[in-house]
Each structure stands twice: as structure tokens, then as C-alpha cells.
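Below, each chain spelled out in residue letters.
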Amino acid sequence: MHLCYFDENKHSPDSPHFFIGGLLIPDHKAIDFENTLGQIAFNYFGARSLTQANEFHGKELFHGKGNSKGRKLEERVRVFEDVATFVTDNQIPVRMICINVEHHQQKYKYPTPPYRLGLMLILERFAEYLDKANDLGLVFGDYEADEVTGAVVDFSEYKTQGKTPMYFGRPLGRLLDTVYFTQSHHSRFLQVADLLVYMAGRYENKTKIPDRWHEQAVLAAWEKIKASGNVIIQRWP
């Protein structure tokens, strides 16, 4: 069994790419992985408890906002570096969808909303990995009140129809039951998905990265993850 976690970013005219994605955790390693992430949290927060006060958020960490307000830049960057080491050392599969929203809306007369399309594609990528691993999976997402019901219904429809409605649709039979949604502060793995999506959204599709040491350090963490050979980014359209 694999546990599949995903999160997404917020796109805007200034940031036109919608990212949704995350990681797959083999269940027999989940306890050890949780302990590792708990240690990373303890090193930063001084506590392991799953509360909002001890939650990793990529945007807040990078900009020193929220529960990272007032923390030293070196300490905040270290979290990105530690998570990159966690992902690469444990050869954790990372799957990501990148939708150029403007191009998608221009290409199709009746474009599927980005979240709905992205969810379908990331479920396909999870199922694709599970096919190769000959395993089953459960899917967990960050709770978004306006998206939960539609996501659960869509997933049910895909399974009932036997595959996703793409031209080369993929069966999702290896994904069991439903898509489970929970608040991200209740799951370290969802928080890792948040950091992965944040780094992808910040550095993918960008040609000019500011030459500040912390920017370069977090970029290096993302490049380290990509260099692991366990990252697949699907770009749409």
C-alpha cells in the first residue's frame, strides 16, 4: 500500500501556472518517515505536535510570515534543505502537474477548471506509479472547502466509468475508496507536499532567479529533489 499526498498552489495573472502534486509514501516506511519529519519539526519549532503553530508552509517559511515571523533566515532555509534531503535520501517518488492556465483557457472552447483538471491528472500519475509498483494506494489532499465535494464526486465517477475522461484516459482502480481531505496541520506528509508545490511554483518556468543567497539555497534544494530521478512533472497543455 502507498499513501499518496497532494497539495496545490494559487495561480494569478502574475503567477499563471497552476501546480498540483505531491509524494507517494510506502506504508511500511510511513512510521519511520513520520519520525524523521517530526525531528525536522522539533529542530525548527521545538515541538512535534500537529498544530497550526507547528505547521510547515512553504510561503510562510520563505517570506518569514505566519508562524515563521521573526525567525532567522538561515533557520527557515534549513527547513527546505532538510525536506529536500528527506525526499532524496529516501528516494520518495514526487509527481507534479503544471497547468499554464492562460494557454489552457485559450486552447479549449470550454476549458475544464484548473483544479478539476489538475486533480484528474495527478490521480492518473499516482495510478501510473502504482501500476508499475504493482501496489494499491489511498489519496489524501489538503482540505479546500470549495473543492472537496466536487473532487470526491469526480473521483467516484472516474472509477465508475472505468477510467478518467481524457482521450488516453487511465483506470484508477489501484486508488482505493475515496479522496480523503484533512487540514494540512494534521499531516506532516501534506506539509511536505505544500513545500514541494511551493518550490515548483517558485522556480519552474522561471528564467531569472534573484541572485540572493537564500533564493539560491532554496532553488538548490528544489534542484536536488529533481536530480534524484524520482520526480515527474507533467505540463499542460
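Residues numbered from 1 in each chain as written. Predicted model: local features only at pLDDT ≥ 70, side-chain atom pairs only at ≥ 80, totals over all residues. Heavy atoms only, no water.

(A) Main features of the pattern of salt bridges. This model, assessed by the stated rule, comprises 14 salt bridges. In this structure, Arg 125 and Glu 128 form a salt bridge, with 3.0 Å as the shortest nitrogen-oxygen distance. In this pair, Arg 125 and Glu 128 both sit in helix α5 (residues 114-133), 3 residues apart, roughly one turn of the helix. Residue classification places Arg 125 among the buried positions, given a relative accessible area of 10%. (Salt bridge = Lys/Arg side-chain N within 4 Å of Asp/Glu carboxyl O. Helix = DSSP H or I, 4+ residues; strand = E, 2+ residues; numbered from the N terminus. Buried < 20%, exposed > 50% of the residue type's maximum accessible area, 1.4 Å probe, protein only.)

(B) Summary view of the side chain of Asn 9. Structurally, the position occupied by Asn 9 is in the loop between β1 (2-8) and β2 (17-26). Owing to a relative accessible area of 16%, Asn 9 belongs among the buried residues under this scheme. Among the polar contacts made by the side chain of Asn 9, one reaches the main-chain carbonyl oxygen of His 17 at a distance of 3.4 Å. Within polar-contact distance, the side chain of Asn 9 engages the backbone nitrogen of Phe 19 at 2.8 Å. In this structure Asn 9 touches His 17, Phe 18, Phe 19, Val 197 and Gly 201, once residues within four positions along its chain are discounted. (Polar contact = N/O pair within 3.5 Å; in protein donor to acceptor, adjacent residues only side chain to side chain. Contact = heavy atoms within 4.5 Å.)

(C) Molecular detail of the environment of Ser 49. Mapped onto the elements, Ser 49 comes out in the loop between α1 (30-45) and α2 (58-63). Along the primary structure Ser 49 and Lys 226 are separated by 177 residues, whereas in three dimensions their C-alpha atoms are 30 Å apart. Not counting residues within four places of it along the chain, the set of residues in contact with Ser 49 comprises Asn 54 and Arg 188. Here the side chain of Ser 49 touches Asn 54 through a polar contact of 2.7 Å, side chain to side chain.

(D) Looking closely at helix α3 (residues 73-89). Taking 1.5 Å as the rise per residue, α3 with 17 residues should run 24 Å; its terminal C-alpha atoms sit 24 Å apart, in good agreement. The complete set of buried residues in α3 reads Arg 76, Val 77, Val 79, Phe 80, Asp 82, Val 83, Ala 84, Phe 86, Val 87 and Thr 88. Those residues of α3 hidden inside the fold are in contact with α1, α2, β3 (94-100), α7 (188-203) and α8 (213-226). Gln 91 lies just past α3 and shows a positive phi near 50 degrees. (Expected span 1.5 Å × (residues − 1).)

(E) Examining the sheet that holds β2 more closely. Strand order in this open sheet of 6 strands is β5-β4-β1-β2-β3-β6, and the pairing throughout is mixed. Edge positions in the sheet fall to β5 (175-182) and β6 (231-236), since each has one partner strand and no second. Adjacent strand axes in the sheet meet at a mean angle of 20 degrees when their direction is disregarded. Bridge count for β1 against strand β4 (residues 137-142) is 5 bridges, and the pairing is parallel. Across the sheet, the residue bridging to Cys 4 is Val 139, located in β4. Running over the sheet, α8 touches β3 and β6 and is turned about 100 degrees from β6. (Pairing = 2+ DSSP bridges. Axes fitted to C-alpha atoms, helices over the stretch in contact; angles between N-to-C directions.)

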